[in-house]
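Letter by letter, the chains look like this.
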Amino acid sequence: MTFVLGALLVSFGASTAFSATPVFTNVNPSLPGFFGGSGTWGDYDNDGRLDFLLTGYTDSGMVARLYHNEGSGAFTWNTNAGLQGVYNGAVAWGDYDNDGRLDILLTGESPGLISRLYHNNGDGTFTDSNAGLPGLSYSAVALGDYDNDGRLDILLTGDGQSLLYHNNGDGTFADSNAGLLGVSGGAVAWGDYDNDGWLDILLTGITAAKDRISRLYHNNGDGTFADINAGLPGVYDSSVAWGDYDNDGKLDFFLSGHTITGGSGPISKIYHNNGDGTFTDSHAVLLGAVLGSSAWGDYDNDGKLDILLTGVFFTQLYHNNGNATFTDISAGFPGLYPGFVAWADYDNDGRLDILLTGGDSRLYHNDTGSFNSVPSAPTGLSATVQREGVTLRWSLASDGQTPTAGLTYNLRVGSTPGGFQIVSPQANPTNGFRLLPQMGNRQQRLSATLSHLPVGIYYWSVQAIDSGYAGSPFAAEASIAIARSAKEDLLAELIARRVTVTDRDDGWTLDEAIKHLTQSLAVEFWTDESHLERKHGEKVFHEERETVRNICDLIQNRESNLHGDPILQGFVDRLIRVDRLLASIAIQEAIAAGVSEKKIEQAQEFLAKADAAFGNDRCANGIEEYRDAWKRAARAKVSPPIRLANGRVQLEIVGEAGEQFTIQASSNLKDWVTIGTRTATAEGLVTFEDGEADRQPTRFYRAVSQ
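Residues numbered from 1 in each chain as written. Predicted model: local features only at pLDDT ≥ 70, side-chain atom pairs only at ≥ 80, totals over all residues. Heavy atoms only, no water.

A.B. asks: Help me understand the overall build of the protein chain in this model?
C.D. replies: Across its full length, the protein chain carries 6 helices and 45 strands. Overall size of the protein chain, expressed as C-alpha extent along the three principal axes, is 90 × 70 × 50 Å. Per-residue burial over the protein chain gives 57% buried out of 706 residues. Carbon and sulfur atoms provide 49% of the accessible area of the protein chain, an area that totals close to 27600 Å². The positive charge centre, built from 50 side chains, and the negative charge centre, built from 88, are 9 Å apart in the protein chain. (Helix = DSSP H or I, 4+ residues; strand = E, 2+ residues; numbered from the N terminus. Buried < 20%, exposed > 50% of the residue type's maximum accessible area, 1.4 Å probe, protein only. Areas by Shrake-Rupley, 256 points an atom, 1.4 Å probe, with all protein chains shown as cover. Lys, Arg positive; Asp, Glu negative; His and termini not counted. Charge placed at Lys NZ, Arg CZ, Asp CG, Glu CD.)

A.B. asks: Sorry, what's going on with helix 1 (residues 484-499) here?
C.D. replies: An α-helix turns once per 3.6 residues; consequently, residues spaced three or four apart project the same way. Along its 16 residues, helix 1 runs 23 Å from first to last C-alpha, staying within 8% of the 22 Å computed at 1.5 Å per residue. Among all positions in helix 1, only Arg484, Ser485, Ala486, Lys487, Asp489, Leu490, Leu491, Leu494 and Arg497 are buried. As for helix 1, its buried residues are in contact with strand 31 (382-386), strand 36 (478-482), helix 2 (504-520), strand 37 (526-528), helix 3 (537-556) and helix 4 (566-593). (Expected span 1.5 Å × (residues − 1). Contact = heavy atoms within 4.5 Å.)

A.B. asks: Sorry, what's going on with the nonpolar core here?
C.D. replies: Side chains of nonpolar character tend, in soluble globular proteins, to be buried together. In this structure, Leu392, Trp394, Val413, Leu494, Ile551 and Leu568 are the most contacted members of the largest nonpolar core, which totals 71 residues. A total of 13 residues in this core trace back to one element, the largest contributor, which is helix 4. When neighbours within four sequence positions are excluded, isoleucine 551 is seen to be in contact with Leu494, Ala513, Leu568, Phe571 and Val572. The next biggest cluster of nonpolar side chains, apart from the first, holds 34 residues, and it includes Phe52, Ile114, Phe126 and Phe433. (Core = buried A, V, L, I, M, F, W, Y, C linked by side-chain atoms within 4.5 Å.)

A.B. asks: I'm lost on the packing of aromatic side chains in this one. Help?
C.D. replies: Given two aromatic rings, their pairing is described by the distance between the two centres and the angle made by the two planes. Scanning all chains against the criterion turns up 27 aromatic pairs. For the ring pair tryptophan 41 and phenylalanine 52, a centre distance of 5.2 Å and an interplane angle of 70° mean the geometry is edge-to-face. Within this pair, whereas tryptophan 41 is found in strand 4 (residues 35-42), its partner phenylalanine 52 is found in strand 5 (residues 51-58), the two being separated by 11 residues in sequence. Considered together, tryptophan 41 and phenylalanine 52 belong to a single accessibility category, that of buried residues. Considering the side-chain rings of tyrosine 44 and phenylalanine 126, the 6.0 Å spacing of their centres and the 55° angle between planes classify their relative orientation as tilted. Remark: phenylalanine 126 occurs in strand 11 (residues 126-128) and tyrosine 44 occurs in the loop between strand 4 and strand 5; sequence separation between them is 82 residues. (Phe/Tyr/Trp six-rings, centres within 6.5 Å; stacked < 30°, edge-to-face > 60°.)

A.B. asks: In this structure, what is going on with the state of the cysteines? I would like to understand it.
C.D. replies: By definition, a disulfide links the sulfur atoms of two cysteines through a covalent bond. A complete count under the given rule lists 1 disulfide for this structure. Shown here is the disulfide that connects cysteine 552 with cysteine 619, its sulfur atoms set 2.0 Å apart. The sign of the S-S torsion, about -90°, decides the handedness of the disulfide formed by cysteine 552 and cysteine 619: left-handed. A residue pair is termed long-range when its members are at least 10 positions apart, and cysteine 552 in helix 3 and cysteine 619 in the loop between helix 5 (597-616) and helix 6 (623-633) qualify at 67 residues. Both residues of the pair, cysteine 552 and cysteine 619, belong to the buried class. (Disulfide = S-S within 2.5 Å.)

A.B. asks: Can you walk me through the side chain of asparagine 550 in this structure?
C.D. replies: Residue position: asparagine 550 is located in helix 3. Setting aside residues up to four positions removed in sequence, asparagine 550 forms contacts with Thr509, Glu512, Ala513 and His516.

A.B. asks: Whenever I open this one, the sheet that holds strand 31 confuses me. Can you help?
C.D. replies: To summarise the sheet geometry, strands pair through backbone hydrogen bonds and adopt either a parallel or an antiparallel arrangement. Pairing is antiparallel across the open sheet formed by 3 strands, whose spatial order is 31-32-34. Of all strands in the sheet, those with a lone pairing partner are strand 31 and strand 34 (447-450), marking the two edges. The sheet shows a mean angle of 15° between the axes of neighbouring strands, taken without regard to direction. Direction of pairing for strand 32 (residues 389-393) relative to strand 34: antiparallel, over a ladder of 4 bridges. (Pairing = 2+ DSSP bridges. Axes fitted to C-alpha atoms, helices over the stretch in contact; angles between N-to-C directions.)

A.B. asks: I'm lost on the environment of glycine 564 in this one. Help?
C.D. replies: Mapped onto the secondary structure, glycine 564 falls in the loop between helix 3 and helix 4. Residue classification places glycine 564 among the partly exposed residues on the basis of a relative accessible area of 45%. Sequence separation between glycine 564 and leucine 554 is 10 residues, and the spatial gap between their C-alpha atoms is 7.9 Å.

Shown next, in the form of structure tokens:
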């Protein structure tokens, strides 16, 4: 089924309170009504156009319909999607397996209760992943990475339950036993209200004891959550939405629903984030709403989030006046029961459009005269690596409409250049187009910490998102290497493993492995996370060889209680990956520095021999060959220049005995000129004096091994 955009006009007059005269046109009179339904926008086929998914009860029964945006003013019902129809449920898009395609989480009555996670096959079809989630109705769902491992976790509520499922990264999910209060008829949303880098939970609904609740749970960063006792009115048949309405860099939230506290009945409130863990009712004048939904979005591109709200037989659009007040613009939208609303710029014209469903369904095109522009890309990307994790940082971006403090940020991390295997941005990495019209995955933070990344080289970037949910281009890609911290993790795990070993001989052998691994981590052997001291680097490989030898003695000894132990074999594999990474980085940097082709070829030959040895027998491992590859490629260490009394600059270079070096200088770190050649002494030392240094305002040096 295809419907083409029509021309039924709903408009309202100009007002001095607004920056532009907004006009919305209903463009799809042919969509059916979806009773007891939900909906969401997302670009499921990565064609740069936002599609939408609707669920609910229609004349055809329970449905889940995916409409493809054809990009020509038409939407086509994708009848091959393979989704189970539901009502009295909820839906959400999210790339749970970091393959770059949006998957679907769907819950509700069907007529039995279901909660299904559908994998996007990339061909317009979806397959039930059999995630083992409990079926729920009168439900709410939200996807978010609560433990910063780069994978989307699942938050579900309904039928008196509130459950948080951890994404194990292998297509399975485990109940985290988060201890959230169970509810029905509620709403949930992730939001980092205190900007500590951990997603917190806003949850509303009615409990089994018929108590109406609104709870804000703080993420403690250790897999647990604590109710902060925010003092919010309890509501059910409710809606919640996070958004920084005053652009102060702190997430506020909207809350609506039914409460009998003080006889107030339906309420709609906006709570201001005070920045100290407390929230204050802004006393915005809004129509109380139940059995509806809400969404923040900047419809008139003035840089301030407006609020779109539905309730029982009403739909209101409130303009943000910029002074903590909101004005109903009397848009003339129909009241639907129960209603659902969502923003999206479906035609990429820089204006947020509106999807409205309930007993009827409408798609409104925004014809406002003001247009949004994409933000600038963030700059200043940097990384700090510690055993606890790698912290990525960036600088503020800017935007023509949204104030800097109101921007959010979206992170991408991959194991290949341009990749997103570790953290999916749910955006096109090439042009920054957002697959979802929502805040970035880092929200308002200018940093991200990823815990316990395995050994390897990672490539990352970040983009800015404005109040119209437009994404900037991604920043120039940066990379990080994880080596030493991965070994520290391995050492901690090996020590923990030792505690469980009771056999004396096995324990002694593990103690030896632990001793040698500890010595390989000596600070004086390392210059940074992924580079070894030129003079001491061989010792690291020696200590690791002894570590592996002891562990493999246990694995291969049939008399050992640890014979064939897969955990110990995993330790060996991870250690050798560190050695390979150290050698590979040295070779890449040697190529970039112009080291002789002969040395590069020798290093690559050693690397290939090591890979073959490891492939044939993981305990044969090839550590010596990785060492030799590193040794041939590792750059010489040049000491800080010393200015002599005669005006010359003296350098000391540490290499191997008899190694020949070309000494080069540069004034800009781009253009290098050769200023001399030297051969290292029997101790591997070269002393060189630059007689031209006093004639140069700035001088950088490097030594290239020949």
